[in-house]
Amino acid sequence: MNLIVIMMDSLRQDHVSAYNHGVPLYEGIRACETPNMDKLARESIVFDNVYPEALPTIPVRTALMTGQRTLPNRPWQPLHDSDVTMAEILSAEGYVCGLVSDTYHYRAPGMNFHRGFQSYHWIRGQEYDPYVSSPVERSLDDYVNEAFPERWRDLVGQFLANTDGFKKADDWFAPQVFRTAADWLRRNRDYEKIFLWIDSFDPHEPWDPPKQFDTYTDPNYSGARLVMPMGGPAESWASADEVDHVRGLYAGEVAAVDHALGELLEVLEELGYYEDSMILLIADHGHPLADHGKFLKGPDRMYNELLKVPCMLRMPDLKGAGAHNEAVAQFHDLLPTVFDYMGFTNVVHDMHGYTLRGVIEGDSDTARESVIVGYYEGLDRCIRDGKWSLVARPESERDELYDLKADPTERNDLILEHPEEAERLRSEFGSIYFGRGGSVRSGRHAHDFKGVQGKYEVASGVVG
């Protein structure tokens with residue numbers, strides 16, 4: 001069986017219509033249209049609750065490629081000499097392995113994520129990739145507002161310089177990635193066993209969708225095209241109209257990526273890969289769009305908009321096609337699952353992940369009782385099960401608790417009403433998972449949630 005992994009960066013689950021079902025994203029912004037991911041979803045097992053563990057880009061990919069946890073012990077770093085990746089394992093099993101990516105962190109000096117692949121293709125120019133040194137041809141002032149500091153203006157300028165030559169939709173990065181991947185699949189079709197990892201950096205910021213997909217922004221908006229939002233409270237640098245404009249640009253970027261994916265899916269069908277390949281589509285994480293006051297990823301933004309991602313597994317025999325699986329799992333469970341179906345269970349003994357085959361085939365309703373997510377360098381953590389989400393804050397800050405079933409946008413903090421649920425979730429993971437500085441409460445004996453009036457004297461209510 002062949003294996004094809006399609007990784008997308010910063011793709012929110014609620015922007016894929018197979019998950020969203022037409023619900024408007026924000027007031028005045030309609031649901032994003034993703035017909036190609038929807039088509040793949042109809043033919044796949046669709047996972048609703050598969051979470052990353054250690055964020056962001058590189059720690060996530062390390063977990064996916066090795067089946068190992070990374071939150072307790074792995075900052076952003078290259079693969080270690082002792083790491084064993086799926087490409088190395090499959091190469092040893094006679095697979096021809098290819099990597100196609102515009103995720104420029106892969107090819108940065110000192111990085112080695114191409115290890116084990118017989119071929120790898122880098123597509124240059126994404127985000128702040130130091131690709132073009134000539135001055136930007138467009139007016140930078142059309143893409144920033146007066147609040148942008150010089151450093152941020154320089155970053156936006158690098159992206160604009162990298163993309164000054166883009167004239168038509170096919171010039172953008174996602175079409176380049178999927179077109180290159182399609183060509184690799186054609187050229188390698190005669191091999192008996194192939195593994196291709198396709199890594200699209202889009203819809204990662206900056207968000208500058210081609211005109212034909214830029215249909216989610218207000219046509220009457222007259223401000224700057226803010227393709228790169230800043231962090232910090234959005235109200236400190238953007239007006240309400242600018243916030244809506246940035247959100248619309250992101251939706252347009254998602255739609256553009258979905259369109260580019262459609263061309264790859266056509267090639268997969270045309271060349272017969274659907275009949276003999278397992279196809280996994282996943283994103284590394286989502287992206288906050290000021291849902292709780294801030295844009296961009298960050299250790300303090302442990303909410304659905306960052307943590308919930310699309311995850312689809314298409315089997316050659318269409319096993320489980322179209323079914324939504326609600327089992328709670330983590331990214332390091334995916335490699336053992338894939339290898340289980342490929343017949344390589346004898347190589348997963350030392351992986352931290354568990355195969356999800358039991359929950360896929362109905363032998364079990366539960367994969368993991370709970371999961372934990374955070375940044376290795378950060379102090380904030382999110383611990384959740386199928387119903388509750390605990391956002392565990394540093395000692396000086398107030399924890400939060402949300403009922404994910406009743407409140408999926410996480411607006412109503414129930415930490416005062418249900419301290420026992422917060423205590424239960426926190427006790428699932430020991431201090432090793434709660435940051436390196438030792439300044440975060442952890443464990444049943446480190447904090448008594450039942451004494452809430454002293455710690456949680458701030459009334460519960462809507463989070464900004």
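Structure's up top.
Residues numbered from 1 in each chain as written. Predicted model: local features only at pLDDT ≥ 70, side-chain atom pairs only at ≥ 80, totals over all residues. Heavy atoms only, no water.

Asker: I keep staring at the nonpolar core and nothing clicks. Help me out?
Answerer: In globular proteins that are soluble, nonpolar side chains generally tend to be buried together. Of all hydrophobic cores here, the largest spans 139 residues; its most connected members are Ile6, Val156, Phe178, Phe195, Trp197, Leu264 and Phe339. Among the elements that take part in this core, helix 7 (residues 240-270) stands out by supplying 15 residues, more than any other. Sequence-distant contacts of Phe178, defined by excluding residues within four places in its chain, comprise Ile6, Met8, Ile198, Ser200, Val257, Ala260, Leu261 and Leu264. (Core = buried A, V, L, I, M, F, W, Y, C linked by side-chain atoms within 4.5 Å. Buried < 20%, exposed > 50% of the residue type's maximum accessible area, 1.4 Å probe, protein only. Helix = DSSP H or I, 4+ residues; strand = E, 2+ residues; numbered from the N terminus. Contact = heavy atoms within 4.5 Å.)

Asker: Even after reading the chapter, I still don't get the layout of surface pockets, so can you show me in this structure?
Answerer: Reported here for the largest pocket is a volume of approximately 790 Å³. What lines the largest pocket is a set of 28 residues, and nearest its centre among them are Gln13, Asp14, Asn304, Lys308 and Pro408. Secondary structure elements with two or more residues in the lining of the largest pocket: helix 1 (17-20) and helix 9 (304-307). When the residues that make up the lining of the largest pocket are grouped by side-chain class, the tally is 8 nonpolar, 9 polar and 11 charged. (1 Å grid on protein atoms, 1.4 Å probe; cavity = no way out; pocket = protein on both sides within 12 Å on 5 of 7 lines; lining within 4 Å. Points joined across faces, edges and corners; volume = space filled by probe spheres on them. Nonpolar A, V, L, I, M, F, W, Y, C, P; charged D, E, K, R; others polar.)

Asker: Could you clarify how one ought to interpret the packing of helix 2 (residues 35-42) against helix 7 in this entry?
Answerer: When two helices pack together, their arrangement is given by the angle between their axes and by how far apart the axes lie. Packing of helix 2 against helix 7 brings their axes to within 7 Å, and their N-to-C directions diverge by 45°. Judged by the inter-axis angle, helix 2 sits oblique to helix 7. Only Asp258, His259, Leu261, Gly262, Leu265 and Glu269 of helix 7 make contact with helix 2, whose side of the interface consists of Pro35, Asn36, Met37, Lys39 and Leu40. In terms of residue class, the contact of helix 2 with helix 7 is built from 5 nonpolar, 3 polar and 3 charged. (Axes fitted to C-alpha atoms, helices over the stretch in contact; angles between N-to-C directions. Parallel < 35°, antiparallel > 145°, perpendicular 65-115°, else oblique.)

Asker: Mind showing me how you'd approach the state of the cysteines here?
Answerer: Put plainly, a disulfide is one covalent bond tying together the sulfur atoms of two cysteines. Within the structure shown, the criterion is met by 0 disulfides. No disulfide involves Cys311; its sulfur sits 17 Å from that of Cys382, the nearest cysteine. For Cys311, a relative accessible area of 0% corresponds to the buried category. (Disulfide = S-S within 2.5 Å.)

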